[in-house]
Amino acid sequence: MRPFTGRMVRVLAAGGALALAVTACGSQSGSDTDSGGGGGKAPLVFGTTDAFGTVDPSGSYDNPGWEVLYNSAQTLLSIPPGGSTPKPDAAEKCEFTDPKTYTCTLKKDLKFSDGSPLTSKDVKFSFDRMLKIADPNGPSSIFADQLASTEAKDPQTAVFHLKFPDATWPFRLTTAAASIVPDEKYPADKLQPMGNDKIIGSGPYKVTKYDPSQQIVLEPNANYHGEKKLSNSKVLVQIYKDEKSLKSAVESGEVQVAYRTLTPTLLKDLEKNGASKKVKVVKGSGTGIQYVAFNNKKGPFAKKEVRQAAASLLDRKAIASGVYNDTVTPLYTMVPKGLPGHEEKFKSAFGDQPDVAKAKALLQKAGVSTPVTAQLWYSPDHYGEASADMYAEIKRQLEAGGLFKISLKSASWEQYKKDYAAGAYDGWQLGWYPDFPDTDNYLSPFYAKNNFIGAGYGYSNPQMDKLLTQEKSTPDQQKRQQAFSQIQTIATQDVPLIPLWQDNMIAAVRDGVTGVKDTFDPLYTFRFWLVDASKAQ
């Protein structure tokens, strides 16, 4: 079981205490200052194997894209490092003026990195275009169920009209998907082309080079008006094609921080031998999860009994220990341990050891011929090289009783996400990093009719939708807990996907680098501005 720190207890307990009555968010008088700009500091050289695609907030819905957005754009509200509640970012204050109306007053004199003014017109434009584009791999599902319309009441006042009272709405405004873009520079009905001068935000950094094949450069944004102080003079994101190269880079000092992803074997070696090369492994709380998603509409997993049979055959402990050296924890619900409402329903329904007899009975009852022939897909350039080992282990477990015949396939992330959304896969690897620290963020994105996975997933259950709306609409924590429990029960009956494990945030860092630990919290994002590499060895 993953260590459960006191800090995490405070964060998650507070995150579960949502209440419409206390969601007025205002900045403290006199606390708002401009960026320090990183003067006198050294550049941060950051290494990763992550695959970067679009960083247009209407199209980006993955960890690498959001990492760039969190550092280069502003949202009306944000979650501070180690915090659990939304605080003003581009907004001076935000509040519910009635249960279905949320009003935000912008700070004065906000500007984008190109010098153009940021007003409520840009806020309205950003939300309108996201819902209009509704990119199949994008994050519009975060807002689509709740948001009826956005109004630019005056240049400094943006008003959100909701379809129903939503206790999680202020949290949704903290996500990178809510990043504000300029209405005169971004197209209203399609994604912004990516390029060195195409990414425009109002955050502490501006993107001055965007080459996802090699390097991304973020430099201080002289027009930034906010509270984030830069601890470095700029950030060079070096992109590596494999994890061994990334490990070598941090060992040689070519990069000062290596983050996402180093295999469990490489991390184990660095923990054992890194001191001699002036490298240490830094770990922190994280609530990232991985799961297997199924095509619920067509193919071998269209029948729920087949999905239930697969759930009966998985051994998560063997995956955690055999593939990940126990750097991950088996997960038996989509809600990570530590969040309110976590119940290990999959363990109750299917056990924690393979049960071939149960799987066989399920398939026989449904009239399914065996072995069930199916393809499972994974994406090593997005989820790390250990993905291949994990899916080899899953294939072994599913085939052990002779009930399944699995063919493994892999694809690059950019192609992969288009294909699964289009319904080209039977079953496939996916991971989730939280948009905001609330239990709903581990339920609605997967189980709502308007889920983020897309049409190729094809899951919909009206009873599930009703319960999800109920838990979002009430500030009563007891009622929310009851709904969370019912949702997780239905999830084990329908099995549209199978949760696998929960991880931590882990980086390899050169001696002398500070601030990495400060950005490791349940929000699961890397805040570059906190990291000081001036004394890196």
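I will try to describe carefully the structure that is included in this document. Small disclaimer: the values here were computed from a predicted structure and weren't measured.

## Concerning unusual backbone geometry
Both trends apply: most residues other than glycine have a negative phi, and most peptide bonds are in trans. A cis geometry characterises the amide bond from Arg-260 onward to Thr-261, with omega recorded as 5°. Assignment of secondary structure puts Thr-261 in the loop between strand 12 (257-259) and helix 7 (264-273). Along the chain, Thr-370 connects to Pro-371 via a cis peptide bond; the corresponding omega equals 0°. Of note, Pro-371 is situated in the loop between helix 11 (356-365) and strand 16 (372-378). Phi angles above zero are rare outside glycine, and Lys-278 is one such case at about 60°. Take Lys-278: it is sitting in the loop between helix 7 and strand 13 (279-284).

## Examining the pattern of salt bridges
On inspection of all chains with the given rule, the structure shows 24 salt bridges. With a shortest N-O distance of 2.4 Å, Lys-185 and Asp-114 are connected by a salt bridge. Here Lys-185 is found in the loop between helix 5 (169-172) and strand 9 (205-211), whereas its partner Asp-114 is found in the loop between strand 6 (101-106) and helix 3 (120-133), with 71 residues between them in sequence. Among the salt bridges present, the one from Lys-247 reaches Asp-269, with a minimum N-O distance of 2.9 Å. Placement of Lys-247 in helix 6 (residues 243-252) and of Asp-269 in helix 7 is noted, with a sequence separation of 22 residues between them.

## Structural notes on the environment of Phe-96
Tracing the sequence through the fold places Phe-96 in strand 5 (residues 91-98). Remark: the alpha-carbon pair of Phe-96 and Pro-170, spanning 74 residues in sequence, is separated by 9.3 Å.

## Section: the sheet that holds strand 10 (residues 215-220)
Pairing is mixed in the open sheet, where seven strands are placed in the order 9-10-11-2-12-20-13. The open sheet has two free edges, formed respectively by strand 9 and strand 13, since each of these has just one partner strand. In this sheet, neighbouring strand axes are inclined to one another by 20° on average, regardless of whether the strands run parallel or antiparallel. In this structure, strand 2 (residues 44-48) lies alongside strand 11 (residues 235-239), joined through five bridges in parallel fashion. Bridging from a neighbouring strand, Leu-44 pairs with Val-235 of strand 11. Those strands touched by helix 2 (residues 63-72) are strand 2, strand 9, strand 10 and strand 12, and its axis lies near 145° from that of strand 9. Sheet strands touched by helix 6: strand 2, strand 12, strand 13 and strand 20 (505-510). Its angle to strand 20, the strand with the most contacts, is close to 40°.

## What about the packing of aromatic side chains?
Following the criterion strictly, the structure yields 37 aromatic pairs and no others. Residues Tyr-61 and Trp-432 carry aromatic rings whose centres are separated by 5.6 Å and whose planes lie at 80° to one another, so their mutual orientation is edge-to-face. You can see Tyr-61 sitting in the loop between strand 2 and helix 2 and its partner Trp-432 sitting in strand 18 (residues 427-432), a full 371 residues away along the chain. Considered together, Tyr-61 and Trp-432 belong to a single accessibility category, that of buried residues. Each ring, one from Tyr-378 and one from Tyr-391, has its centre 5.9 Å from the other, and the planes form 15°; the classification is stacked. With Tyr-378 in strand 16 and Tyr-391 in helix 13 (residues 386-399), this pair connects stretches of sequence that are 13 residues apart. In this structure Tyr-378 comes out as buried when scored by relative accessible area, which is 13%. Through successive ring pairs, a cluster of aromatic residues spans Tyr-61, Trp-66, Tyr-70, Tyr-291, Trp-432, Phe-446 and Phe-452.

So, how was this worked out
Residue indices begin from 1 for each chain and proceed along its sequence in written order. Residues qualify for local features only when their pLDDT is at least 70, as the model is predicted, and side-chain atom pairs are given and counted only at 80 or more; totals for whole chains, interfaces and linings, by contrast, use all residues. Where side-chain values are given, they derive from all heavy atoms of the structure, hydrogens and water being excluded. Segments assigned H or I by DSSP are reported as helices when at least four residues long, segments assigned E as strands when at least two residues long, and all are numbered from the N terminus. The term salt bridge refers to a pairing of a side-chain nitrogen on Lys or Arg with a carboxyl oxygen on Asp or Glu at a separation within 4 Å. Two strands are said to pair when DSSP picks up at least two bridges between them. Axes, fitted as lines to C-alpha atoms, cover a helix only where it is in contact. Angles between the N-to-C directions of the axes lie from 0 to 180 degrees. Residues count as neighbours in contact if any of their non-hydrogen atoms are within 4.5 Å of one another. Stacked, tilted and edge-to-face are the three classes assigned to paired rings of Phe, Tyr and Trp, where Trp is represented by its six-membered ring and a pair needs centres within 6.5 Å; plane angles under 30 degrees give stacked, over 60 edge-to-face, the rest tilted. In this scheme, a residue with accessible area under 20% of its type's maximum is buried, one over 50% is exposed, and one in between is partly exposed, where area comes from a 1.4 Å probe on protein chains only.

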